[in-house]
Structures are given as C-alpha cells and as structure tokens.
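# Per-entry structural report
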Amino acid sequence: MDIKQLEAFVAVAKNQSFSKAAKELYLTQPTISSHIQNLENEMQTSLFNRNNKSITLTDSGYILFNHAIAILNDCKRAVNDIRDYQGKIEGNVDLVYTCVPGEAILPPMIKKFSSQYPGATFTLKNMTHDQAISELNNDNASLCLTSTITESDRLVYTLFSKNDLVLVCPPDLDIKNKDGFVSLESFKKLPLILKSDESLDGDYLSRKLNSVGINSKDLHIRAYIDSDNLIMSMVSAGIGSTLVTNGLAQYGKRYNNFNIYRIENLSMVSDHYLVYSDKKFLSPTEKAFLNYVFELYNLDKPF
C-alpha cells in the first residue's frame, strides 16, 4: 500500500467514478484502475461494488476509506508542518464559488494575495450553492464564496461584504431618472436579459425579486442567458437591460459600455459569505488566504 494508491482509492470513492477520479488526479483511467486493483489484491478483498450504473464502496471499502482519509491528512500535515517551520507559504488553495460573489470579488482578491505569496496557486470551480456546500462537506474543497447560508454543524460562515443589486442599461437608452434612480414602473417596462431560474444564480435573483413583490413572469424578459460576460456584452450592444450586483457591474464596465442605475424604493442587497469547514485540515496557504481576506475586510483573523 502506498500514498498514490490511497489517493486513487479516495478519489474513486468520492466521485463514484474511475474516469472522474482520473481527471481529478491528472492520471489516466488505466492508472487509476491499476492502483485500485493492486490495493484490492493486497487487502485480499473487493473495495468497490461495480455495476453499469454506479460504483459504491463495499463494507471493507468503508473501513479503508476512513483510515485512508486520516492517513492522507496526516501526510498533508507533515508536509505543511515542515513548510510552517521553514516559513513557506506555497501550495494550492481549493476554492468553490457561486456566480453572485465570485466573478467580481475573486480577481482583485487573488491578484493581491498572489503578489504577496507568489508560491500560492488556486483551483477555482464555479457551481451552484448546493453543489459548493456539498464539495465542502465532502472535503473536496477547502473554501467557498457564496451568497446563501445552509445550516451545518461543521461549516463556518463569515459575512465579509454586502453588495446591492443595480440596473444596467444600454448606453443609448433614454430612460427617465432622477439622480441615477429609475422608477419601479419604468423598470418593469424595460426589455430585460436575466439569468434563467435554473442557472447558477438565476434562482437567487428570482428569489430577491419575489422578496420585494416582483414576479419575474410580470417582467418583459427578452432573453435568459447563463453567462455574465455575454449578458454584459448584449446590454452594451443595446439588446436589453439587466440586474446584477454593483460589484459585478463596476467590474464589467471596464470592458463594456453601459449605464448603471438604481431603482426607486427597491432595495436588494446581496450578502457575501466566506465558508470553510472546521473539520477539514487547512494548509498554511489556505489559512493565510483566509487571514488575508479577513484582514482585507477588517474582520478578526480566524488563525
């Protein structure tokens, strides 16, 4: 038994797939299969139930899985303890994020952190809130940026910023406004480009609208698009207007031409949370990134 075999075993167990495990570990599928076969030969038992539809752990597999997680975490601790002793902040930060906070906040945040710690790298994955929380609970990710809280006894949520939703309109749209505020009735008449309710954060926007008494079915929706960049481009081209967080609008304005307004008597605020599991071992680099974000937003450092 060696570390590579245990890494392959844990990856297959978590992904319930040999191909996904191979992709995660940047190995070929035959290599993953070989690791599992050698491990099963050494254990003299089957570790997985294999059928055409799914791959699940056997009873022996469950026993080994818990030991494997502990062994791999101990190995990480050993490496990171040595790096701590040597004063090195290097290695990867596994972070998942939802669209609402991630697109605008992460680029400048990572740029500043990377300039301070050039040995740090990032693996960033964009997904729905439920998917992101599942990744944290399954120890497939270390940190998460999201706009929603899901109660859990192992997850620590920290509110680090708030961002209001704004109306983004084409540059040549002649819309009546008072000091940058558009009436609610004028907003309802606009052709809009929005995220679909089934998209990563379209459901979030729909719930926000419902919370202030606006049903998306009563709006003039010209298009549903899942890409923030494409939405910004289409607004800039004059196809319609949209609702996004102010942070994302300011970020998008660097590359697109549009006007930003607020809607009278309509307050919609997006909360941004940084989430991590207090049950998962965090590397010195991940702890450093957490401390960096907390310090950036004038919060007490967790480590």
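Residues numbered from 1 in each chain as written. Predicted model: local features only at pLDDT ≥ 70, side-chain atom pairs only at ≥ 80, totals over all residues. Heavy atoms only, no water.

### A look at the packing of aromatic side chains
This is how it is decided: For Phe, Tyr and Trp, rings pair up if their centres lie within 6.5 Å, where Trp contributes its six-membered ring, and each pair is then called stacked (planes under 30 degrees apart), edge-to-face (over 60) or tilted (otherwise). Note on conventions: DSSP H or I runs of at least 4 residues are helices, E runs of at least 2 residues are strands, and numbering of each starts at the N terminus. Throughout this description, buried means an accessible area under 20% of the type-specific maximum (1.4 Å probe, protein chains only), exposed means over 50%, and partly exposed covers the range between.
For the structure shown, the criterion picks out 11 aromatic pairs. Consider the rings of Phe113 and Tyr292, whose centres lie 5.4 Å apart with planes at 55°: the pair is tilted. Separated by 179 residues along the polypeptide, Phe113 in helix 5 (residues 99-116) and Tyr292 in helix 11 (residues 284-296) bring together distant segments of the chain. In this pair, the class of Phe113 matches that of Tyr292, namely buried. Among the aromatic residues, ring-to-ring pairing joins Phe113, Tyr117, Phe122, Phe289 and Tyr292 into one connected group.

### Some details on the domain arrangement of the protein
Keep this limit in mind: Per the annotation, domain bounds derive from an automatic or database assignment of domains. In this description, contact between two residues means that some pair of their heavy atoms is separated by no more than 4.5 Å. Here the quantity called buried area is the accessible surface, traced with a 1.4 Å probe, that two parts lose on coming together, added over both. Criterion for a salt bridge: a side-chain nitrogen of Lys or Arg within 4 Å of a carboxyl oxygen of Asp or Glu.
Each assigned domain of the protein is listed with its residue range as follows: domain 1 (3-84), domain 2 (90-161 + 271-297) and domain 3 (164-269). A C-alpha centroid distance of 27 Å is found between domain 2 and domain 3. Across the boundary between the two partners, domain 2 contributes 11 residues, which contact 11 residues of domain 3. Taking both partners together, domain 2 and domain 3 bury about 970 Å²; carbon and sulfur atoms supply 66% of that area. Our enumeration of links across domain 2 and domain 3 arrives at 0 salt bridges.

### Concerning the packing of helix 2 (residues 18-25) against helix 3 (residues 29-43)
Describing two packed helices takes the angle between their axes plus the distance from one axis to the other. Convention followed: Helix axes are fitted to C-alpha atoms over the stretch in contact, other axes to C-alpha atoms as well, and angles between N-to-C directions run from 0 to 180 degrees. Orientation categories follow fixed angle ranges, with anything under 35 degrees roughly parallel, anything over 145 roughly antiparallel, 65 to 115 roughly perpendicular, and all other angles oblique. In this classification, Asp, Glu, Lys and Arg are treated as charged, Ala, Val, Leu, Ile, Met, Phe, Trp, Tyr, Cys and Pro as nonpolar, and every other residue, Gly included, as polar.
With their axes 8 Å apart at the nearest point, helix 2 and helix 3 run at an angle of 105° to one another. Considering the angle they form, helix 2 stands roughly perpendicular to helix 3. Here helix 2 contributes Phe18, Ser19, Ala21, Ala22 and Leu25 to the contact with helix 3, which in turn contributes Gln29, Ile32, Ser33 and Ile36. Class assignment of the residues belonging to the contact of helix 2 with helix 3 gives a composition of 6 nonpolar, 3 polar and no charged.

### Digging into the nonpolar core
Side chains that are nonpolar tend, in soluble globular proteins, to be buried together. Our working rule: Grouping buried Ala, Val, Leu, Ile, Met, Phe, Trp, Tyr and Cys residues that are joined through side-chain atoms within 4.5 Å yields what is termed a nonpolar core.
Ranked by size, the top nonpolar core spans 22 residues in total, and within it Phe9, Val10, Val12, Ile32, Ile36, Phe48 and Phe65 carry the most contacts. Within the residue set of this core, elements represented by two or more residues are helix 1 (3-15), helix 2, helix 3, strand 2 (55-57) and helix 4 (59-86). No other element matches the 7 residues that helix 1 contributes to this core. Each residue touching Phe65, except ones within four places of it in the same chain, is listed here: Phe9, Val10, Ala13, Lys14 and Leu57.

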